[in-house]
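Residues per chain, in single letters:
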Amino acid sequence: MSDIKILVATHKKYAMPMDDIYLPIHVGKEGKEDIGFQGDNTGENISNKNSNYCELTGLYWAWKNLDCEYIGMSHYRRYFTTQNTLKRLFGKREKIETILNKEEILEYCKKFDVILPVKRNYYIETVWSHYGNAHYIKDLEETKKIIEEIYPSYTDSFNTVVNRKKIYLYNMFVMKKSWFDEYSEWLFNILFELEKRTDMTGYDKYQQRIYGFISERLFNVWLEEKTNKVKELNVYNLEGTEWLGKVRKFILRKLVGQKSERRKLVK
């Protein structure tokens, strides 16, 4: 058994870290051309659900097929880093050399239960209202009902999380594999039940990534219930962050409102 594996979710060929703790995994591999990375379609898997589950098909594969002491998730262009913003912008090291290495990860794991990205702050809206502005709120409402039915002890944590203005995003983490297995069972029990109850009529391809979006909120709920002994680290986007586009989409959602169309589907 290896001591640590960090999944690097990707859907295309891309330069990967040389450190062997990083395991590139081709998510949604089923029926796709081989790009030379481990596919999420071996062993027990849900690779064919990738269009709705996003990187979660890689997480499911790891849960069912990977044996290690610690496990984590990053993305082909997003990695944890200990560097601050200025060093990332003006430092002379190669970008991929700034990502978290094995020694750094194991040192944090001695002191903390989970390594997480710095929280996103929505400032003027809650996690609940943001979801309603960006997606179909009926799906988050149904998720709440499912938690009340099958995991009622998590109801208070759910309400606490969705009424906050800060949230951990990207489904990025590092934790003990035993904790990850516990989380995965909890998560997929909820999502598979949600899948049975969801009508995606009228959803475009972006909105069809519903279970990936919901899982980001659920991860925060599980963390709220499980621990506050976490280490937040910056996330380094190797391709940079297009903040202007993000701000523009945010303003459009608030002022123009895609909500009206989504509300029509709810009625």
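Keep in mind it's a predicted model, so treat the numbers as computed, not measured. (Residues numbered from 1 in each chain as written. Predicted model: local features only at pLDDT ≥ 70, side-chain atom pairs only at ≥ 80, totals over all residues. Heavy atoms only, no water.)

Colleague: Provide a residue-level description of the packing of helix α5 (residues 127-134) against helix α6 (residues 137-150), including the pertinent values.
Modeller: In the contact formed by α5 and α6, the axes pass within 8 Å of each other and the chain directions differ by 135°. Our classification of the angle between α5 and α6 gives oblique. Along the contact surface, α5 presents Trp 128, Tyr 131 and Gly 132, while α6 presents Ile 137, Asp 139, Leu 140 and Glu 141. When grouped by side-chain class, the residues that make up the contact of α5 with α6 number 4 nonpolar, 1 polar and 2 charged. (Axes fitted to C-alpha atoms, helices over the stretch in contact; angles between N-to-C directions. Helix = DSSP H or I, 4+ residues; strand = E, 2+ residues; numbered from the N terminus. Parallel < 35°, antiparallel > 145°, perpendicular 65-115°, else oblique. Contact = heavy atoms within 4.5 Å. Nonpolar A, V, L, I, M, F, W, Y, C, P; charged D, E, K, R; others polar.)

Colleague: Describe the confidence of the model for the protein, naming the residues involved and giving the relevant values.
Modeller: Considering every residue of the protein, the mean pLDDT works out to 89; 85% of them sit at 70 or more. With pLDDT under 50 throughout, residues 88-93 is counted as low confidence; its partners more than four residues away or in other chains account for 8 contacts. In this model, residues 259-267 is a region of pLDDT below 50 whose contacts with residues beyond four sequence positions or in other chains number 12 contacts. (pLDDT = per-residue confidence, 0-100.)

Colleague: How would you sum up the nonpolar core? Please name residues and give values.
Modeller: Phe 173, Trp 186, Leu 191 and Trp 222 are the most contacted members of the largest nonpolar core, which totals 51 residues. Ignoring sequence-local partners within four residues, the contact set of Trp 186 consists of Tyr 151, Tyr 154, Leu 218, Val 221 and Trp 222. (Core = buried A, V, L, I, M, F, W, Y, C linked by side-chain atoms within 4.5 Å. Buried < 20%, exposed > 50% of the residue type's maximum accessible area, 1.4 Å probe, protein only.)

Colleague: Quick rundown of unusual backbone geometry? Include the residues and the values.
Modeller: Its identity is not glycine, yet Cys 54 carries a phi of approximately 55°, on the positive side. Examined against the element boundaries, Cys 54 turns out to sit in the loop between α1 (50-53) and α2 (56-65). Since its relative accessible area comes to 12%, Cys 54 is described here as buried. Positive phi, close to 55°, is recorded for Asn 171, a residue that is not glycine. Counting through the fold element by element, Asn 171 comes out in the loop between β8 (166-167) and β9 (173-176).

Colleague: Kindly report on the packing of aromatic side chains, identifying the contributing residues and their values.
Modeller: Counted under the stated rule, the structure contains 22 aromatic pairs. Between Tyr 14 and Tyr 76, the aromatic rings sit 4.8 Å apart at their centres with planes inclined by 70°, giving edge-to-face as the arrangement. Of this pair, Tyr 14 sits in the loop between β1 (2-10) and β2 (22-26) while Tyr 76 sits in the loop between β4 (68-75) and β5 (78-81), placing them 62 residues apart in sequence. Their ring planes at 50° and their centres at 5.0 Å tell us that Tyr 183 and Phe 219 sit as a pair that is tilted. Placement of Tyr 183 in helix α8 (residues 177-197) and of Phe 219 in helix α9 (residues 210-226) is noted, with a sequence separation of 36 residues between them. Phe 219 shares its class with Tyr 183; the two are buried. Among the aromatic residues, those joined into a cluster by ring pairs are Tyr 151, Tyr 154, Phe 173, Trp 179, Phe 180, Tyr 183, Trp 186, Phe 219 and Trp 222. Across from the ring centre of Trp 63, 3.9 Å away, lies the NZ or CZ of Lys 64, which sits over that ring. (Phe/Tyr/Trp six-rings, centres within 6.5 Å; stacked < 30°, edge-to-face > 60°. Lys NZ or Arg CZ within 6 Å of the ring centre and 35° of its normal.)

Colleague: Please give an account of the layout of surface pockets that cites residues and values.
Modeller: Empty space within the second largest pocket amounts to approximately 160 Å³. What lines the second largest pocket is simply Leu 116, Lys 119, Val 161, Arg 164, Lys 166, Tyr 168, Asn 220, Leu 223, Glu 224, Thr 227, Asn 228 and Val 230. The greatest single-element share of the lining of the second largest pocket, amounting to 3 residues, is contributed by α9. Grouping the amino acids of the lining of the second largest pocket by side-chain chemistry returns 5 nonpolar, 3 polar and 4 charged. (1 Å grid on protein atoms, 1.4 Å probe; cavity = no way out; pocket = protein on both sides within 12 Å on 5 of 7 lines; lining within 4 Å. Points joined across faces, edges and corners; volume = space filled by probe spheres on them.)

Colleague: Account for α6, naming residues and giving values.
Modeller: Over its 14 residues, α6 runs 20 Å from end to end, which matches the ideal 20 Å to within 8%, given 1.5 Å per residue. Of all the positions in α6, only Ile 137, Lys 138, Asp 139, Leu 140, Glu 142, Thr 143, Ile 146 and Ile 147 are classed as buried. (Expected span 1.5 Å × (residues − 1).)

Colleague: Explain the side chain of Arg 78 to me, using residue names and the numbers behind them.
Modeller: By secondary structure assignment, the location of Arg 78 is in strand β5. In contact with Arg 78, not counting residues within four places along its chain, are Tyr 170, Met 172, Val 235, Tyr 236 and Asn 237.

Colleague: Provide a residue-level description of the pattern of salt bridges, including the pertinent values.
Modeller: In a structure, side chains of opposite charge can pair up when their charged atoms sit close to one another. Considering all chains together, one arrives at 14 salt bridges under this definition. For Asp 3, the salt bridge is made with Lys 102, and the minimal N-O distance between the two is 3.3 Å. With Asp 3 in strand β1 and Lys 102 in helix α4 (residues 102-111), this pair connects stretches of sequence that are 99 residues apart. By relative accessible area, which is 25% here, Lys 102 ends up partly exposed. Within this structure, Glu 142, Lys 145, Glu 149, Glu 193, Lys 196 and Arg 197 form a network of salt bridges that share partners. (Salt bridge = Lys/Arg side-chain N within 4 Å of Asp/Glu carboxyl O.)

Colleague: Talk me through α9; I want residue IDs and the actual numbers.
Modeller: Across its 17 residues, α9 extends 24 Å between first and last C-alpha, which sits within 8% of the 24 Å expected from 1.5 Å per residue. The sharpest bend along α9 reaches about 25° and sits at Glu 216. Of all 17 residues in α9, 14 are buried; the element is thus mostly enclosed. (Bend = angle between axes of the 7 residues up to and from the residue.)

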